[in-house]
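Listed below are the residues making up each chain.
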Amino acid sequence: MKSGSKYLITGVLMLLLVSLVLVGPVSAATTINSLPYTITIPGVYELGKDFENFAGPKAIEVRASDVIIDGLGFKLDGVDNPNSVGIWASTYWQNGIDYESANLTVQNIKVSDFACGVLIYKTQGETVTGNTFTSNTNAVNFQVVRNSRISSNTFSGNGNGVTLWATTNTGVNDNTFTMDGITGLTVGSTSSESMIRDNRFTSDMLAILLDEGSTTATITGNRISATAAGDALKTGIQIAGSKENTIYNNIFDTYNNVKTTNTANVWCLASAGKNIVG
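Residues numbered from 1 in each chain as written. Predicted model: local features only at pLDDT ≥ 70, side-chain atom pairs only at ≥ 80, totals over all residues. Heavy atoms only, no water.

Asks: Break down the sheet that holds strand 31 (residues 256-260) for me, citing the residues and quoting the values.
Replies: With parallel pairing, 10 strands are arranged side by side in an open sheet as 2-5-8-13-16-19-22-25-28-31. Two strands bound the open sheet, and with one partner strand each, they are strand 2 (37-39) and strand 31. When strand polarity is set aside, the average angle formed by the axes of neighbouring strands in this sheet is 10 degrees. With four bridges connecting them, strand 5 (residues 58-62) and strand 8 (residues 85-89) associate as parallel partners. Among the inter-strand pairings, Glu61 is bridged to a residue of strand 8, identified as Trp88. (Pairing = 2+ DSSP bridges. Helix = DSSP H or I, 4+ residues; strand = E, 2+ residues; numbered from the N terminus. Axes fitted to C-alpha atoms, helices over the stretch in contact; angles between N-to-C directions.)

Structural data, given as structure tokens:
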């Protein structure tokens, strides 16, 4: 073998070795094949099959940060147990220390028949995306959560679609809400800096509720409609003591487009577009 070829091969091998060191080993996903299941190690977790008629209190509990739960399109189904949660994540105790979990992603799961489909408490950096929520009492509930996103989900026939409670900088974007029996989206308690953008609400009893104590939400690009037979009591947006919100470039087409108390909110921005009322 010529010396030039030896140097070339040696150089290629060294580059491959450096690449492996920099990239590190590729971790395989962990498959969830039985419930209940508790996650205590960061990583990717995938549902291995449909889970139907789970009767326990918590189907999947997350006690770690940097976790992805990918349903791969499988079902996570309960039995309407009034104390049940499909996926639960919160602060947790370990070795006498109180840890705050962060950076959880829940995606591609069909969640149904729980008291709460996804319940996340006192965390940050969470993402719920690409899921379908059907017939839950409460589909997604964020409490004391920061810097998180709920996007590209479908909510249908739940009691409440999304509830934000004492959250900061939470985005609710590009979701579809249909015939949720109480509210499609509630922003409540001391929630602030919520971005409600480009969602579609159809025949929800109350599409958007800005409740007492919440402030500084931006609501833009949403389409809210409820004009079918039986929709006469349904409302587009209700503001009940919330203030300092900015509401522009939405389409309201319901029997009761707006209900509001006398609080200070900005209803359109000249540079961004007016709300269109049907």
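Asks: Could you give me a rundown of the side chain of Asp70, with the residues and numbers involved?
Replies: Along the chain, Asp70 falls in strand 6 (residues 67-70). Within the structure, the side chain of Asp70 is placed 2.9 Å from the backbone nitrogen of Leu72, a separation counted as a polar contact. Within the structure, the side chain of Asp70 is placed 3.1 Å from the side chain of Asn108, a separation counted as a polar contact. Residues within four places of Asp70 in sequence aside, it is in contact with Tyr45, Glu46, Leu47, Gln107 and Asn108. (Polar contact = N/O pair within 3.5 Å; in protein donor to acceptor, adjacent residues only side chain to side chain. Contact = heavy atoms within 4.5 Å.)

Asks: Please provide a residue-by-residue account of the sheet that holds strand 11 (residues 104-107), values included.
Replies: Across the sheet, which stays open at both edges, the 10 strands sit in the order 1-3-6-11-14-17-20-23-26-29 with parallel pairing between neighbours. The open sheet terminates on both sides in strands that have one partner only, identified here as strand 1 (30-32) and strand 29 (246-248). Each strand of the sheet is rotated relative to its neighbour by a mean of 10 degrees, with strand direction disregarded. Looking at chain direction, strand 17 (residues 146-151) and strand 20 (residues 168-173) are connected through five bridges and run parallel. Among the inter-strand pairings, Arg146 is bridged to a residue of strand 20, identified as Thr168.

Asks: Can you explain the pattern of salt bridges? Please cite residues and give values.
Replies: Inspection of the entire model under this criterion finds six salt bridges. For Arg63, the salt bridge goes to Glu61, with nearest N and O atoms at 3.6 Å. On the basis of relative accessible area, Arg63 is assigned to the partly exposed category, the value being 25%. The exposure class of Glu61 is buried, given its relative accessible area of 16%. A salt bridge links Asp198 to Arg197; its shortest N-O distance comes to 3.5 Å. You can call Arg197 partly exposed: its relative accessible area is 31%. Each of Lys58, Glu61 and Arg63 takes part in one network of salt bridges that share partners. (Salt bridge = Lys/Arg side-chain N within 4 Å of Asp/Glu carboxyl O. Buried < 20%, exposed > 50% of the residue type's maximum accessible area, 1.4 Å probe, protein only.)

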